[in-house]
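Structural characterization, general
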Amino acid sequence: MAEQTHVLFVEDDDVIREATQLALERDGFAVTAMPDGLAGLEAFRADQPDIALLDVMVPGLDGVSLCRRIRDESTVPVIMLSARADSIDVVLGLEAGADDYVTKPFDGAVLVARIRAVLRRFGHASGPGSTGSAPVDGADSDGGVLHFGDLEIDTVGMEVHKDGAPVALTPTEMRLLLEFSSAPGTVLSRDKLLERVWDYGWGGDTRVVDVHVQRLRTKVGQDRIETVRGFGYKLKA
């Protein structure tokens, strides 16, 4: 039997926590459900789950702060749960290192689909351009290693260096960078990036893309990824 995927679920509402835990367990997940952020952090450190679902508004240690603590220690995927789609909490959660978010109230099938989409891209972080089988136009290639000025991307070893120093990227950030490096100088729309990086087969919130691009820029260089107003982003070749 395949090993179950372990989900850490932090939610203070008893009804939502219990109902969601049951729904996830019916879909084959192993779930550790905690009512507050401090208990969630302890469970994360003790159990090392495969993915974390964090409600933004939980007592003790709020979901955004918990996400930051988890991100300081791990690249495990994190999905934030927010009651308001237009809330600043969504952006704060993404800036804290979350990989995606789901708005409450949510359909159980949608939540499961989003969890599986995140897990698929974390399990296959190589993405387009990762095989190293051919040089990428506009970049020097050496055995799967791409060079863009002072930026070096090892598409086989999944490592990035800037000015010779290692750059720590989350799997989502790595996939995003690989998408850009597979077509340097080519404008990629937010919708296309949602489809390729976040595995969205439907329309999604482009704030997810914008925040991740900004996070990526702080790590690889603010001028390395250009904004093409009205169209999307491109990697400077």
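A quick note: this is a predicted structure, and the numbers were derived from the prediction, not measured.

Examining the sheet that holds strand E4 (residues 78-82)
- Spatially, the five strands line up as an open sheet ordered E2-E1-E3-E4-E5, and their pairing is parallel. Where the open sheet ends on each side, the last strands, each with one partner, are strand E2 (30-34) and strand E5 (100-103). Geometrically, the sheet is characterised by an average inter-axis angle of 20 degrees between neighbouring strands, direction not taken into account.
- Here strand E1 (residues 6-10) pairs with strand E3 (residues 51-55) via four bridges, running parallel. Bridging from a neighbouring strand, Val 10 pairs with Leu 54 of E3.
- On the sheet, helix H5 (residues 108-123) packs against E3, E4 and E5 and is oriented at approximately 175 degrees with respect to E5.

Regarding H5
- The end-to-end C-alpha distance of H5, which contains 16 residues, comes to 22 Å, matching closely the 22 Å that a straight helix rising 1.5 Å per residue would cover.
- What H5 keeps buried is the set Leu 111, Val 112, Arg 114, Ile 115, Ala 117, Val 118, Arg 121 and Phe 122.
- Along its buried surface, H5 packs onto helix H1 (14-26), E3, E4, E5, helix H6 (171-182) and helix H7 (190-197).
- Capping the start of H5, Asp 107 holds a side-chain oxygen 2.8 Å from the backbone nitrogen of Ala 109, two or three residues further along.

With respect to the pattern of salt bridges
- Applying the stated criterion across every chain, the model contains 16 salt bridges.
- Two residues, Arg 17 and Asp 14, come together in a salt bridge whose shortest N-O distance is 2.7 Å. Of this pair, Arg 17 and Asp 14 both sit in helix H1, separated by three residues, roughly a single helical turn.
- The exposure class of Arg 17 is buried, given its relative accessible area of 12%.
- Relative accessible area serves as the criterion here: at 44%, Asp 14 is assigned to the partly exposed category.
- Between Lys 236 and Glu 226 there is a salt bridge, with its nearest N and O atoms 3.9 Å apart. Pair noted here: Lys 236 is in the segment after strand E12 (232-235) and Glu 226 is in strand E11 (residues 225-228), with a separation of ten residues, a long-range link.
- Here Lys 236 falls in the partly exposed class, since its relative accessible area comes to 31%.
- Ionic contacts of the salt-bridge type, sharing partners, join the residues Glu 11, Asp 55 and Lys 104 into one network.

Digging into the confidence of the model for the chain
- With 87% of its residues at a pLDDT of 70 or more, the chain has an overall mean of 86.
- In the model, residues 124-138 has pLDDT below 50 throughout and makes 30 contacts with residues more than four positions away in sequence or in other chains.

Brief notes about the side chain of Arg 175
- Mapped onto the secondary structure, Arg 175 falls in helix H6.
- Lacking a salt bridge, the buried Arg 175 has Glu 179 as its closest oppositely charged neighbour, with an N-O distance of 5.1 Å.
- Polar contacts involving the side chain of Arg 175 include one to the main-chain carbonyl oxygen of Arg 196, which spans 3.1 Å.

Rules used throughout
- Residues numbered from 1 in each chain as written.
- Predicted model: local features only at pLDDT ≥ 70, side-chain atom pairs only at ≥ 80, totals over all residues.
- Heavy atoms only, no water.
- Pairing = 2+ DSSP bridges.
- Helix = DSSP H or I, 4+ residues; strand = E, 2+ residues; numbered from the N terminus.
- Axes fitted to C-alpha atoms, helices over the stretch in contact; angles between N-to-C directions.
- Contact = heavy atoms within 4.5 Å.
- Expected span 1.5 Å × (residues − 1).
- Buried < 20%, exposed > 50% of the residue type's maximum accessible area, 1.4 Å probe, protein only.
- Polar contact = N/O pair within 3.5 Å; in protein donor to acceptor, adjacent residues only side chain to side chain.
- Salt bridge = Lys/Arg side-chain N within 4 Å of Asp/Glu carboxyl O.
- pLDDT = per-residue confidence, 0-100.
- Lys, Arg positive; Asp, Glu negative; His and termini not counted.

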